[in-house]
Amino acid sequence: ITAISIPGPPGPPGAPGLPGHSSGDVVFFLPLLHNVQIYCVDNFNNQKNPLLCCFLKNLVSQNPLNLCEYSLRCDLFPQLHLIALNSPQKGGMRGISGADFLCFSQAQAIGMKGTFRAFLSSKLEDLNSIVYSSNRENVPIVNLKDEVLFDNWNRIFSDSRMRDNVSIYSFDGKDVLQDDTWPEKMMWHGSTSRGQRNVDSYCEAWRVGERALTGMASPLQSRSLLQQSSSSCSSSYIVLCVENSYIHDNRQR
């Protein structure tokens, strides 16, 4: 009797490798993975689009060993998001912790995994120090759609203006400069033009929304985030939130 060697079924896939950067056309063979998203430039239309390997999951669901194949050029780079709260706020926001919580909860609601802080100077921290020092010089600041607003965090505090034709969006996707949710296109910051706290003009550390007190704000139409406009704390203005350190974002969009 001659023994016949029959190979068994393939074993489970190994752990994924470390993320990396590449340029040029690359063909990826990806096993069926759930809730995994790749942000890339595809070589069919040369535009940045989120691609899910599992867009074929209905096709391959009856054979989980099938592989999805897609030819693409990777565009996976660190970036920090700058996004507005979904509605305007008066100067009384229950302190910086209340403002930070609004940023945190609205980011979580759309599946963003980074830590978001309010773009405000506070009693204990200057605005310019909110982002981790290791991310201030080499990481671009982008909007909800991953469009670059500023080349890096430090540029915001050197009289730099947002790039032309790039908008700031709220967590629920509204363009704050166009949407009527914000009748006044002003944003709170409570800072000097260099991002240091202005203790005489930050609505008692963002705890009071009374007309008699003032907070420093900036007209967003100027495309500069730190113009010096002293405004009544009873005003309802835009509040921005910034991701304070880079983390890979696996949002489904």
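Residues numbered from 1 in each chain as written. Predicted model: local features only at pLDDT ≥ 70, side-chain atom pairs only at ≥ 80, totals over all residues. Heavy atoms only, no water.

Participant: Got a minute to help me understand the pattern of salt bridges in this structure?
Facilitator: Oppositely charged side chains can pair when the atoms bearing their charge come close. Inspection of the entire model under this criterion finds 6 salt bridges. We note a salt bridge from arginine 197 to aspartate 126, for which the minimum N-O separation is 2.7 Å. Taken together, the residues span a long stretch of sequence, with arginine 197 in the loop between β9 (186-188) and α3 (203-206) and aspartate 126 in the loop between β6 (116-118) and β7 (141-142) at a distance of 71 residues. As a salt-bridge pair, lysine 174 and aspartate 172 come within 2.5 Å of each other at their nearest N and O atoms. (Salt bridge = Lys/Arg side-chain N within 4 Å of Asp/Glu carboxyl O. Helix = DSSP H or I, 4+ residues; strand = E, 2+ residues; numbered from the N terminus.)

Participant: What is the right way to read the sheet that holds strand β8 (residues 148-150) from this model?
Facilitator: Pairing between the strands of a sheet is mediated by backbone hydrogen bonds and can be parallel or antiparallel. The 5 strands are arranged β6-β12-β5-β7-β8 in an open sheet whose pairing can be described as mixed. Both outer strands of the open sheet, β6 and β8, are each paired with one neighbouring strand and no more. Two elements, strand β5 (residues 80-84) and strand β12 (residues 240-243), share 3 bridges in a ladder whose sense is antiparallel. Within β12, the position partnered with alanine 84 by the bridge is leucine 240. (Pairing = 2+ DSSP bridges.)

Participant: Sorry if this is basic, but what is going on with the packing of aromatic side chains here?
Facilitator: We describe a pair of aromatic rings using the distance from one ring centre to the other and the angle between the two ring planes. Taken as a whole, this structure holds 7 aromatic pairs when the rule is applied. Between phenylalanine 116 and phenylalanine 171 the ring centres are 5.6 Å apart and the planes differ by 75°, which places this aromatic pair in the edge-to-face class. Within this pair, whereas phenylalanine 116 is found in strand β6, its partner phenylalanine 171 is found in the loop between β8 and β9, the two being separated by 55 residues in sequence. By relative accessible area, which is 2% here, phenylalanine 116 ends up buried. For phenylalanine 171, a relative accessible area of 3% puts it in the buried group. Summarising the aromatic geometry, the rings of tryptophan 188 and tyrosine 237 are spaced 4.7 Å apart at their centres and angled 40° between planes, so their arrangement reads as tilted. Of this pair, tryptophan 188 sits in strand β9 while tyrosine 237 sits in the loop between β11 (229-232) and β12, and the two are 49 residues apart along the sequence. (Phe/Tyr/Trp six-rings, centres within 6.5 Å; stacked < 30°, edge-to-face > 60°. Buried < 20%, exposed > 50% of the residue type's maximum accessible area, 1.4 Å probe, protein only.)

Participant: Any chance you could explain the nonpolar core here in plain terms?
Facilitator: Taken as a class, soluble globular proteins show a tendency for nonpolar side chains to be buried jointly. In terms of nonpolar packing, the biggest core is built from 27 residues, with Trp153, Ile168 and Leu225 touching the most fellow members. When contributions to this core are tallied by element, the ones reaching two or more residues are β5, β8 and β12. Here this core gets 3 residues from one element, more than from any other, and that element is β5. Residues in contact with leucine 225, not counting those within four places in the same chain, are Leu82, Phe119, Phe150, Ile156, Ile168, Met187, His189, Ser218, Leu220 and Leu240. Leu85, Ala107, Phe171 and Ala217 belong to the second largest nonpolar core, which has 24 residues in total. (Core = buried A, V, L, I, M, F, W, Y, C linked by side-chain atoms within 4.5 Å. Contact = heavy atoms within 4.5 Å.)

None of this, on its own, says anything about what the molecule does.
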